[in-house]
Amino acid sequence: MNVFLAKNIVPKLALCMQEFVINPLQQQMDAWNWVISWLDIISPVSMVKVLTENFFPRWIAVLSKWLSSNPNFDELTKWYLGWKSMFPEQLLSDPAVKNCLNEALEIMNQAVMEHSQPGARENIAYLTLTERRRAFEPERRDVPENNPLLSLNFTSIPTTLKEHIEQRAEESGLLFMPIPNKTYEGRQVYKLGRIQISIDQTMIHYNVKGQWNMTGSVETVINKAE
């Protein structure tokens, strides 16, 4: 049974998470709920691997993009806690999942130091302290029936990834323009400074010396383009 699941089900769950759209403005959770429903059948280890490889890198990329666009940190905190509430306790207690959530907290802490929103630094510091204390206090909890992510009303949604790259390219004095009749994996290829890039919903693909790579960081491609 485990062999069958590993060969036939786990790859489908991974693909579903790869294609899952993370959108703070209008989050659709059907695919997420379907994947998590398999936790009663596949091992937690397999589920953690699916999420840490196919969900968390893109989730962190969305968070990073949001943080780069003068965010409302109260909304970010609600978004973070809303997502955390969607994980069953057996996943939240896994060290790899804890590391991913801690990475998000670290990114938020670093970003808030550059902003002057009243109370933001104190609130993020308190969130971090509270979350880390809870990590040592196991609690019994269930995934909420009413998805809290669907009731959040954000006003500081980040611009699209393409628009953010355009803004950073202009600030850095870099040429950013589409290359006619050139695509990568069906997406438009752009010239950005001295490199070429292609953009999907949450990730940037960039070509350096004929080799395509992928990142969720706008600053990474800006640095390589300069």
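Since we're looking at a predicted model, the values are computed, not measured.

Engineer: Help me understand the overall build of the protein chain in this model?
Structural biologist: Helices and strands together make up the secondary structure of the protein chain, namely 10 helices and 5 strands. Of all 226 residues assigned to the protein chain, the portion counted as buried reaches 45%. Counting contacts in the protein chain only where the partners sit at least 6 residues apart, residues at least 24 apart contribute 60% of the total. For the protein chain, the exposed area adds up to about 12,600 Å²; of that, 51% sits on carbon and sulfur atoms.

Engineer: Please explain the pairing of strand β4 (residues 204–208) as it appears in this structure.
Structural biologist: Looking along a regular strand, one sees the side chains alternate between the two faces of the sheet. Of all 5 residues that make up β4, 4 are buried, and the element is covered over most of its length. Examined bridge by bridge, strand β3 (residues 195–199) and β4 share 4 bridges and lie antiparallel to one another. Counterpart to glutamine 196 in the pairing with β4 is asparagine 207. Remark: 4 residues form the turn of the hairpin made by β3 and β4, two consecutive strands paired antiparallel. Pairing between β4 and strand β5 (residues 211–215): 5 bridges, direction antiparallel. Across the sheet, residue isoleucine 204 finds its bridge partner in β5, namely threonine 215.

Engineer: Is there a simple way to explain helix α2 (residues 30–37) in this structure?
Structural biologist: Along an α-helix, residues three or four positions apart point the same way, because every turn accommodates 3.6 residues. Every buried residue of α2 is accounted for by Trp32, Val35 and Ile36. In an axial view of α2, the angular spread of the buried residues amounts to 95°, which keeps them on one side of the axis.

Engineer: I keep staring at the side chain of serine 85 and nothing clicks. Help me out?
Structural biologist: Here serine 85 shows up in the loop between α5 (73–84) and α6 (89–92). In terms of polar contacts, serine 85 uses its side chain to reach the backbone carbonyl oxygen of glycine 82, at 2.6 Å.

Engineer: What is the right way to look at the packing of aromatic side chains in this model?
Structural biologist: Both the distance between ring centres and the angle between the ring planes are used here to describe each pair of aromatic rings. Inspection of the entire model under this criterion finds 18 aromatic pairs. Relative to tryptophan 38, the ring of tryptophan 34 lies with its centre 6.1 Å away and its plane at 80°, an arrangement referred to as edge-to-face. Its relative accessible area of 19% is what places tryptophan 38 among the buried residues. Measuring from ring centre to ring centre gives 6.2 Å for phenylalanine 55 and tryptophan 59, while their planes differ by 25°; the resulting arrangement is stacked.

Engineer: Would you take a moment to explain the pattern of salt bridges for this structure?
Structural biologist: Any two side chains of opposite charge can pair if their charged atoms end up close together. Counted under the stated rule, the structure contains 5 salt bridges. Of the charged contacts, one joins glutamate 53 and lysine 49 as a salt bridge, the two residues approaching to 3.0 Å between their closest N and O atoms. Of this pair, glutamate 53 and lysine 49 both sit in helix α3 (residues 44–54), 4 residues apart, roughly one helical turn. Residue class for glutamate 53 comes out partly exposed when judged on its relative accessible area of 48%. The partly exposed category is assigned to lysine 49, whose relative accessible area is 48%. Across the salt bridge formed by glutamate 166 and lysine 162, the nearest N and O atoms sit 3.0 Å from each other. Of this pair, glutamate 166 and lysine 162 both sit in helix α9 (residues 161–172), separated by 4 residues, roughly a single helical turn. Looking at glutamate 166, the relative accessible area reads 33%, which means it is partly exposed.

Scoring rules and cut-offs
Residues numbered from 1 in each chain as written. Predicted model: local features only at pLDDT ≥ 70, side-chain atom pairs only at ≥ 80, totals over all residues. Heavy atoms only, no water. Helix = DSSP H or I, 4+ residues; strand = E, 2+ residues; numbered from the N terminus. Buried < 20%, exposed > 50% of the residue type's maximum accessible area, 1.4 Å probe, protein only. Contact = heavy atoms within 4.5 Å. Areas by Shrake-Rupley, 256 points an atom, 1.4 Å probe, with all protein chains shown as cover. Pairing = 2+ DSSP bridges. Arc of directions from axis to C-beta. Polar contact = N/O pair within 3.5 Å; in protein donor to acceptor, adjacent residues only side chain to side chain. Phe/Tyr/Trp six-rings, centres within 6.5 Å; stacked < 30°, edge-to-face > 60°. Salt bridge = Lys/Arg side-chain N within 4 Å of Asp/Glu carboxyl O.

Nothing here speaks to function; it is geometry throughout.
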